[in-house]
Every structure is written in C-alpha cells, then in structure tokens.
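Remarks on the overall topology
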Amino acid sequence: MSRPSYARPGMGGDSVVVCRDLRRRFGDRVGVDGVGFEIARGETYGLLGPNGAGKTTTISMLCGLLAPDEGEVIVAGRPITPSSTDAKRAIGLVPQDIALYPDLTARENLRFFGRLQGLGKARLAARMGEVLELVGLADRADDRVEHYSGGMKRRCNIAAGLLHEPELLVLDEPTVGVDPQSRNAILESIEELGRSGLSVLYTTHYMEEAERLCDRVGILDEGRLVAEGTRRELIAHVGHQAGLRVSGTGDLHALAAEFPGAVVRDGAVDLLVDDTGRRLAEVVGAAERVHVVITGIDTSEPDLEAVFLHLTGKALRD
Amino acid sequence: MIARNELLRVYRDRTALFFILVLPVVIMVIIGSTFFGEAGDLPIGVIDRDQSELSARIERLVDDSPALATRRYTDLDALELDVRTGRVDAGLVIAPGAERVELITDPIRRSTGTVRTVVRGVLAGEGARLGAARLASDLTGTDLDANLLTADALGAEQTTIDVPVMATGTPAEDDVNQFSYTAPANLVLFVFVNSLAIAASIVQARQLGVLNRIRAGPLRTSTILVGFGLSRVLFSIVQSLLLLSVGALVFGVDFGDPVGVALLVLAFSLLCAGAGLLVGSVARNGDQAQAIGIPVAIALGMLGGAMWPLEIVGPTMRGIGHAVPHAWAMDAWVELVFEGGSARTVLGEVGILLAFAAVLLLIGSRLLHRRLSAI
Ligand SMILES: Nc1ncnc2c1ncn2[C@@H]1O[C@H](COP(=O)(O)OP(=O)(O)O)[C@@H](O)[C@H]1O
Ligand SMILES: [Mg+2]
C-alpha cells in the first residue's frame, strides 16, 4: 500500500486534467450534475461509483465524445469539445465496451486505430510491439479478437488506447466481466503504467480496485461528486470509526442493547467504535454483566465501501 | 488520411467483401455453366393456329431439330403459364395463315437466348421458302401451296421469316445474348443488396463502440462521415467493375458505350452509398439492418426490373417501378446494351439516379451525423 505520493494539484498548475462543473442531462434524466475535478500529471485518479452514477457520461464529456450542457474540460492545457481534433490526441480512451473489430486480429485492430491516430508506419510498428508486450498479448497478436477470452479482449482494448502514447489514459471500467486472474493482470499493467509516470483516469464500481490503483479517488453518486481525496482522507469522512465484531454465547441481544447502533448478526454483535482500545474494555465489562461468554473479537478498518455507505446511505453494489 | 482510412475500412470489411464480391460472380458463373451444359434438349411448346400443310411443315422442322424437344399445346394461356413456370423454355405460336410465328420466352431464363437462336436458325430456311412462294402468289394469283412446292424446287432464298420475340420487347440483335439483360440486372440487384448488407457494419461499429473510439481520435466528424460515405461509394464501384468484367469476359456481354457505363456505375454507386448510410444510421442493430435491408433491396430490385424486365409487367406496375431508382438504372442499361445508347442518351436516367442519390446521401449523412454527435 505504500505508493509514492504525487504533488497535489494546485490551482490548475501542473494538472493534466481540469474539469469544472460538468453537467449533462438526457431528456429529463440527469446524467451528470455538476462534476469538477483535477488530475495532476503522473497521478492515477479514480472515479468510484455504482452503475448509473455518471462515470461514463463524465468520461464521454472529458474525451470530447459528448458535449456538456454546462462546464468545461481542459486536457493537457487545451480545451476539449467534440470538435477539438488535435487536443484529443493527448487522450487515450479505453471505452467501457470492447471497441474492437471482432473479425480482425489484434494486430489489425491496432494498426487501424494507430493509423487513425496518425501514427506513421515505423512508429506504429514499434508501438504495436510495445503495447502488445505490455498487455501480454504479443504471442496471440495474430489471432482474431473474437477468439479471445474476455480478459484478453479487455487487454487488447487497453492496448488500443495506449498506442499513440497519450498523456492521459482514460479507462472506463476496464475489468468488467473478467476472471480474477485476468483482472489482476490488468490491474498490474495499469499500476506499471502509473509508476512509469502516465496520468490515469480510472472509473470503477469496485472499491478494491480504486483502493489499490488510485492516488486519489472521487466518489460519484447520482451524477454528483460526493467526496474526493486520498484513501486516508476519504476514510476520515467515516470518522475514526472501526468495525468491532464480538462473537460469543449467551444473550447477545442484551449485550447489543448496551451499545447504541449495535446489531446482532450471525451469532455476533457488530458495532462501530471510534476508539477501539477504550471500547474493547467496555465491551468486555458489559459482556460480564449480561453473562455473555466472549469467544472472539475481530476489528476491521473501514474501507471505501464504508465511506460510500456513510456518505450516500447505499451500498456500492446491490 | 481519409484515403488511408478508406482503404482500411474496406480492408476491414474483407470477410464480408469476399462474399459480397465473390457471391454474385459465382452465381453468374453457375448460371453460365448450367446454360452451356443444358443446350441440346430444350423443351419448347408449339401451338398451331393455322392447321395447314405449311404450319405442319414448320412443326416438323422444329420437331426435327436435335436441340429442341417439342410439346404441343392448344391453349395460349396454358403455354404462357408453362413458359413462365419453366416447364418449357419457350412457346412457338404459329398464327393463322402461317404468316407470323411468335416466340414466347421468359427473358430472365438462361436458356432463352439459345432457344431464340435455335428457333431462328430452324425457321430461317422456311422463311425464305415462304417468302418466295408468297411473292409468286401475289404476282401470279396462283395457289400459295403450289408455289411453295415450286419454291422448294427452286431452292429460293430471298427473305427470312420474322420471329418477333414477345416479352423482351427488345430487338434481337446479334451482339446481344442471354446474359445481356441478366448481367446488368444482377449488377443492379447485387450492388444495391450489398450496399444495404454492409450497412450492418456501420451499425456494428456503433454498437461495438468502435465508432466512439474513432470519434475519440483526432478526426473531424465530417472526415469520419466522408470516410464512411466514400468507402461505400468505392465499394459499390469496385463491385460493379468486377461484375462488369465478369459479364464481358466470361459471358460475352457487350455493355455498350464505356463513358455511359462509367456514368451509370458512378451514379448508381452514389445511390447505393446513400442508401447504405441511411440504413446504417436508422437500424437499431446489425441484424435489423440486414433483416430489413436485404428484403427491401430485393423487393426494390423486383419492382425496378432487376429481376425481370418491366416490359412484361402491366403499365401500373411499370409506373410504380419507376418510383424505384432500380427502374431508371435498368432503363439506362437497356439503352446502353440493347439500343446502342451513349453517355448522352442515358443522361436523363443518370440524372434521376443522381437526384435519388443526393436525397439519400443527404438524409443518410444527416442522420449519421446526429448519431456521431450524441452517444
Ligand atoms: N444516452 C443516454 N440516454 C439517456 N440516458 C442516459 C444516456 N447515457 C447515460 N444515461 C443516464 O445517465 C445516467 C448516468 O449513466 P452513466 O454515465 O452511463 O453511468 P455509469 O457509467 O456510472 O454506470 C444513468 O441514469 C443513465 O441511465
Ligand atoms: Mg459506465
């Protein structure tokens, strides 16, 4: 978990992305409702939120696929709109869908998208080799994409976004529908890219991914950024609470009644505490009073899941 | 940049391309070889309305031809039906007085050209004989049958019997063969069908998200649009050229004035591209594009004379047919192939095709532009 900490974005200073007050409606449905954030050069920034939170809509505006109703996007110092062609070169998009031609091989797909980005022959050939190596598809590059496993397709999808050496890599839920092993491979390559100094915008509804990859995370819900910061900063939202789980025999309900907010679940009492050491002593004392024999005590650190629950009153995934 | 993009798009479609380009050719080749294998015993129906010695002679000549197998009819409707359904390849009707012999054919049948040639050959001598005898009768007022015998004796050869070919409505020229109609008709039919079939690839690109990836790149929307449109025009032109070459080289079809052909192919390809863009932007998914596009293309082909000539349908259907661009394309082809038309004489049809194309391209690119602007 020890990752180098990057300079926090100041007032636009060395930010690779600045977006301000992005809004977009679809008919009377709100897609994104006032989202703004900055991404520092070399930083991996996560947008964490459940399905329908507005992650893809935000990304689409950021990449110039969708015109915002309000707000602005600046990437690598240049404004992005659907008609800004050159500025888009700074961005490498890895869409949520596997945006590849299934009946072409990985190499043919990459060649097509590389040329679309204006890469010359020699540079394209070199880059294709590099990105195929990075995503671990070098030995399967001449297979048709339709014959790939879900994980390989995802990796190839990422490769296509990296070809033209963008300053900012934007990944929209790149691990959806992938087996755990492939997912790990994908996360590892993104970590590697992050370490190499690439700026990354990563959206996901998996809090473990956001925790593992991202220097900073924005929590998105119903089109709004409800919180933003490093993992530590976000967890501070929950207060300094930790989860305490007391298992034992006897009248657990009586024990739970001693602590406001405590619940009995699966033969154990769950409660949130701010000072684990002091509360632990109280729990042991109370257990003696109500004749509960404690068989085990577990403590857990709060995670981004708990932060999301705390901020929105909802689970990240249903 | 655009051109490169184009080539890549066409290249990308190469699996479809294989079927799209090769299939019509294969069909034409099959038609050709079946035709050549079949000559020798062509069933032909005969109605004798004259019942004279002369008509009996004509019948016998037809009977004796090794290439023809005759079947006798009395009812014209029954004969026409059998021609249409293919039970016989043609119907020979000897009119009262044996003055006229009509050949009923189905112009889209592959054997039609052969039957026509064979029958004409069989009757050529008889026509000469009849002509001479009739001339003698007219001049001398003597009995026709008697003069026929005289003519036989003289071996006169002055005129040939006219065998007007019903249903095709086109003068039977010597450089016109049985593929002269089917080759351009197939071209019109297939090039259009395929332009709608590959419209599915636009829809697919949209659905796969490839279109979004393209849009996320440094290309203008208009560039992308032109790319899509141009690739389709090129595609239709290439397909047309291929089918034209096969028609000319393998089936010996003379398509007429090259400038006229070029204009016609270009106009029709623009039209196909417009239709393709339209379907590509309207259809919800690739299957829908094909499920709707292909039957529609075939129906339009039927209406517009790309399956059978509009001359054989009633005036109402012919009128309706000309609401369809195919009919104008076929008119232009008939003009070029059968009537020795030139670029100038097909200018009207080409203009109408271009108008159709302009409308379709406009609507198609508008809709696609809208699709490109919003996700
Ligand atoms: N093209 C669209 N038309 C209508 N509604 C849309 C469209 N795109 C997104 N939305 C709506 O906007 C909201 C945010 O969607 P999205 O950005 O895709 O969420 P996420 O990517 O976080 O799952 C959802 O309520 C979704 O239904
Ligand atoms: Mg999404």
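About the thresholds
- Residues numbered from 1 in each chain as written.
- Chains lettered and ligands numbered in written order.
- Predicted model: local features only at pLDDT ≥ 70, side-chain atom pairs only at ≥ 80, totals over all residues.
- Heavy atoms only, no water.
- Helix = DSSP H or I, 4+ residues; strand = E, 2+ residues; numbered from the N terminus.
- Buried < 20%, exposed > 50% of the residue type's maximum accessible area, 1.4 Å probe, protein only.
- Contact = heavy atoms within 4.5 Å.
- Areas by Shrake-Rupley, 256 points an atom, 1.4 Å probe, with all protein chains shown as cover.
- Buried area = accessible area lost by both parts, 1.4 Å probe.
- Salt bridge = Lys/Arg side-chain N within 4 Å of Asp/Glu carboxyl O.
- Polar contact = N/O pair within 3.5 Å; in protein donor to acceptor, adjacent residues only side chain to side chain.
- Nonpolar A, V, L, I, M, F, W, Y, C, P; charged D, E, K, R; others polar.
- Near = heavy atom within 4 Å.
- Donors = N, O, S within 2.8 Å, 3.2 Å for Na, K, Ca; no water.
- Phe/Tyr/Trp six-rings, centres within 6.5 Å; stacked < 30°, edge-to-face > 60°.
- Lys NZ or Arg CZ within 6 Å of the ring centre and 35° of its normal.
- Axes fitted to C-alpha atoms, helices over the stretch in contact; angles between N-to-C directions.
- Parallel < 35°, antiparallel > 145°, perpendicular 65-115°, else oblique.
- Pairing = 2+ DSSP bridges.
- Expected span 1.5 Å × (residues − 1).
- Arc of directions from axis to C-beta.
- Patch = residues over 30% accessible without salt bridge, like charges linked within 9 Å, V, L, I, M, F, W, Y side chains within 5 Å.
- Core = buried A, V, L, I, M, F, W, Y, C linked by side-chain atoms within 4.5 Å.

**Considering the overall build of chain B**
When helices and strands are tallied, chain B shows 15 helices and four strands. Out of the 375 residues belonging to chain B, those deemed buried represent 51%. Partitioning the intrachain contacts of chain B with sequence separation of at least 6 by distance along the chain shows that 78% fall at a separation of at least 24. A total of about 16200 Å² of accessible surface is found on chain B, and carbon and sulfur atoms cover 63% of it.

**Observations regarding the side chain of T57 of chain A**
If you trace the backbone, T57 of chain A turns up in helix α1 (residues 55-62). Excluding its chain neighbours within four sequence positions, the residues that come into contact with T57 of chain A are R24, F26, G31, V32 and L66 of chain A.

**Observations regarding the interface of chain B and chain A**
Counting from both sides, the interface comprises 24 residues of chain B and, opposite them, 31 residues of chain A. With both sides pooled, the region where chain B packs onto chain A buries about 2600 Å², and carbon together with sulfur makes up 59% of that total. Summed over the shared surface of chain B and chain A, the result is zero salt bridges. Summed over the shared surface of chain B and chain A, the number is five residue pairs in polar contact (both at pLDDT 80 or more). Elements represented by at least two residues in the side of chain B that touches chain A include exactly α1 (2-12), α2 (14-38), α8 (199-208) and α9 (210-216) of chain B. Of the residues assigned to the side of chain B that touches chain A, the class counts are ten nonpolar, seven polar and seven charged.

**Examining the site of ligand 1**
Around ligand 1, the surrounding shell holds twelve residues, and the nearest of these are R29, G52, K55, T56 and T57 of chain A. With respect to ligand 1, the chains having nearby residues are chains A and B. Between A53 of chain A and ligand 1, the recorded distance is 3.2 Å, taken from a backbone N or O atom to an oxygen atom. Residue T56 of chain A places a side-chain N or O atom 2.7 Å away from an oxygen atom belonging to ligand 1. A total of 550 Å² of accessible area belongs to ligand 1 in isolation, and the protein chains cover 70% of it. Secondary-structure elements contributing two or more residues to the shell around ligand 1 are β2 (29-40) and α1 of chain A.

**A closer look at the coordination of the magnesium ion (ligand 2)**
All names here are of chain A. With distances of 1.9 to 2.4 Å, the protein atoms coordinating the magnesium ion (ligand 2) are T56 (OG1) and Q96 (OE1). With T56 in helix α1 and Q96 in the loop between β6 (91-94) and α2 (106-116), this pair connects stretches of sequence that are 40 residues apart. Residue Q96 is classed as partly exposed on the basis of its relative accessible area, which comes to 28%.

**Details of the packing of aromatic side chains**
Evaluation of the coordinates by the stated rule reveals six aromatic pairs over all chains. Considering the side-chain rings of F192 of chain B and F268 of chain B, the 6.4 Å spacing of their centres and the 45° angle between planes classify their relative orientation as tilted. Taken together, the residues span a long stretch of sequence, with F192 of chain B in helix α7 (residues 179-197) and F268 of chain B in helix α11 (residues 258-282) at a distance of 76 residues. For the pair formed by F192 of chain B and F268 of chain B, the shared burial category is buried. Note on F255 of chain B and W333 of chain B: the rings are 5.7 Å apart at their centroids and 70° apart in plane angle, and the pair reads as edge-to-face. Separated by 78 residues along the polypeptide, F255 of chain B in the loop between α10 (221-249) and α11 and W333 of chain B in helix α14 (residues 325-338) bring together distant segments of the chain. Within the aromatic cluster, the residues linked to one another by ring pairs are Y101, F112 and F113 of chain A. When the ring centre of Y206 of chain A is taken as origin, the NZ or CZ atom of R183 of chain A, which lies over that ring, is 4.0 Å away.

**Quick look at the pattern of salt bridges**
All names here are of chain A. By the definition in use, this model includes 24 salt bridges over all chains. Of the charged contacts in the structure, one is a salt bridge between E173 and K55, with a shortest N-O distance of 3.3 Å. With E173 in the loop between β7 (168-172) and α5 (180-195) and K55 in helix α1, the pair connects residues that are 118 residues apart, well separated along the chain. Neither E173 nor K55 differs from the other in exposure class; each is buried.

**Comments concerning the packing of α11 of chain B against α14 of chain B**
All names here are of chain B. Contact geometry of α11 with α14 gives a least axis separation of 11 Å together with a crossing angle of 170°. Put simply, α11 runs roughly antiparallel to α14. Across from G260, V261, L264, V265, F268 and L271 in α11, the residues of α14 making contact are P325, A329, A332, W333 and L336. Among the residues making up the contact of α11 with α14, the classes are represented as ten nonpolar, one polar and no charged.

**Description of the sheet that holds strand β1 (residues 15-26) of chain A**
All names here are of chain A. The four strands are arranged β2-β1-β4-β5 in an open sheet whose pairing can be described as antiparallel. Each end of this open sheet is capped by a strand with a single partner; those strands are β2 and β5 (78-79). Inspection of the sheet shows strand β4 (residues 70-75) paired to β5 by two bridges, in the antiparallel sense. Opposite I74, over in β5, you have P79 as the bridge partner. Sheet strands touched by α1: β1, β2 and β4. Its angle to β1, the strand with the most contacts, is close to 120°.

**A closer look at the sheet that holds strand β1 (residues 42-48) of chain B**
Residue and element names in this part refer to chain B. Taken in spatial order, the four strands make up an open sheet running β2-β1-β3-β4, and their pairing is mixed. Edge positions in the sheet fall to β2 (68-73) and β4 (101-105), since each has one partner strand and no second. Strand-to-strand, the axes of this sheet are offset by a mean angle of 25°, without reference to chain direction. Set on the sheet, helix α3 (residues 53-64) makes contact with β1, β2, β3 (90-94) and β4; between it and β2 the angle comes to about 140°. Across the face of the sheet, helix α4 (residues 76-85) comes into contact with β1, β2, β3 and β4 while running at roughly 155° to β3.

**Some details on the environment of D89 of chain B**
Residue placement: D89 of chain B occurs in the loop between α4 and β3. Counting along the chain gives 44 residues from D89 of chain B to G45 of chain B, while the straight-line C-alpha distance between them is 7.9 Å.

**A closer look at helix α12 (residues 286-303) of chain B**
Residue and element names in this part refer to chain B. Over its 18 residues, α12 extends 25 Å from the first C-alpha to the last, a length consistent with the 26 Å expected when each residue adds 1.5 Å. Residues of α12 that are buried: G286, A289, G293, A297 and G301. Projected down its long axis, α12 carries its buried residues within an arc of 65°, all on one side. Every exposed residue of α12 that faces more than 90 degrees away from the buried side is listed here: D287 and A291. After α12 finishes, the residue G305 shows a positive phi value of roughly 85°.

**A look at unusual backbone geometry**
Phi is positive for E173 of chain A, close to 40°, though the residue is something other than glycine. Of note, Q51 of chain B is a non-glycine position whose phi angle comes to about 55°, a positive value. As for its placement among the helices and strands, Q51 of chain B is situated in the loop between β1 and α3.

**With respect to a nonpolar patch on the surface**
Residues and elements named next belong to chain B. Taken together, the side chains of V226, L230 and L234 make up a nonpolar region of the molecular surface, amounting to roughly 230 Å² of accessible area. Within the secondary structure, L234 sits in helix α10. Residue L234 is classed as partly exposed on the basis of its relative accessible area of 38%.

**What about the nonpolar core?**
Of all hydrophobic cores here, the largest spans 64 residues; its most connected members are F113 of chain A together with I214 of chain B. It is helix α4 (residues 150-162) of chain A that contributes the most residues to this core, six residues altogether. Ranked by size, the runner-up nonpolar core spans 47 residues in total, among them F190, L243, L336 and V337 of chain B.

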